[in-house]
Amino acid sequence: MMQITLNDKTMMLTEGITLAELLLQLEQDKPGVAVALNKEVVARSQWTKHTLNTNDNITLFQAIAGG
């Protein structure tokens, strides 16, 4: 098991999980969701390529188009 922080809350996850798998488990893999991993925004196309590590800090937020 490994520890990460998701939106300022500590979580324990199985080692080797990808960002995409985590978002699927949390039902947050829907349109409009944006992700920052360790303060860097990760493109949706890269979610399956990012394996999470102990002490990663993930922020989920709604992407909002402005005008």
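Residues numbered from 1 in each chain as written. Predicted model: local features only at pLDDT ≥ 70, side-chain atom pairs only at ≥ 80, totals over all residues. Heavy atoms only, no water.

## Topic: the side chain of Thr18
Right, so step 1: Examined against the element boundaries, Thr18 turns out to sit in the loop between strand S2 (9-13) and helix H1 (19-25).
Right, so step 2: The exposure class assigned to Thr18 is buried, which follows from its relative accessible area of 13%.
Right, so step 3: The residues touching Thr18, leaving out its near neighbours within four places in the chain, are Trp47, Thr48, His50, Thr51 and Leu52. (Helix = DSSP H or I, 4+ residues; strand = E, 2+ residues; numbered from the N terminus. Buried < 20%, exposed > 50% of the residue type's maximum accessible area, 1.4 Å probe, protein only. Contact = heavy atoms within 4.5 Å.)

## Details of the confidence of the model for the chain
Right, so step 1: Residues of the chain with pLDDT of at least 70 account for 96%, and the chain-wide mean is 93.
Right, so step 2: Model confidence for the chain, summarised as mean pLDDT per element, is weakest for strand S5 (residues 57-62) at 94 and strongest for strand S1 (residues 2-6) at 97. (pLDDT = per-residue confidence, 0-100.)

## What to know about the environment of Arg44
Right, so step 1: Along the polypeptide, Arg44 turns up in the loop between strand S4 (40-42) and S5.
Right, so step 2: Expressed as a C-alpha distance, the spacing of Arg44 and Ile4, which sit 40 residues apart in the sequence, is 20 Å.
Right, so step 3: With residues up to four places along the chain from it excluded, the contact list for Arg44 reads Asp29, Lys30, Pro31, Gly32 and Val33.
Right, so step 4: Side-chain polar atoms of Arg44 contact the backbone oxygen of Lys30, separated by 2.7 Å. (Polar contact = N/O pair within 3.5 Å; in protein donor to acceptor, adjacent residues only side chain to side chain.)

## Regarding the side chain of Asp56
Right, so step 1: Of note, Asp56 is situated in the loop between S4 and S5.
Right, so step 2: Of the side chains with opposite charge, Lys39 comes closest to the buried, unpaired Asp56, at an N-O distance of 13 Å.
Right, so step 3: Excluding anything up to four places from it in sequence, Asp56 contacts Gln3, Ile4, Thr5, Leu37 and Asn38. (Lys, Arg positive; Asp, Glu negative; His and termini not counted. Salt bridge = Lys/Arg side-chain N within 4 Å of Asp/Glu carboxyl O.)

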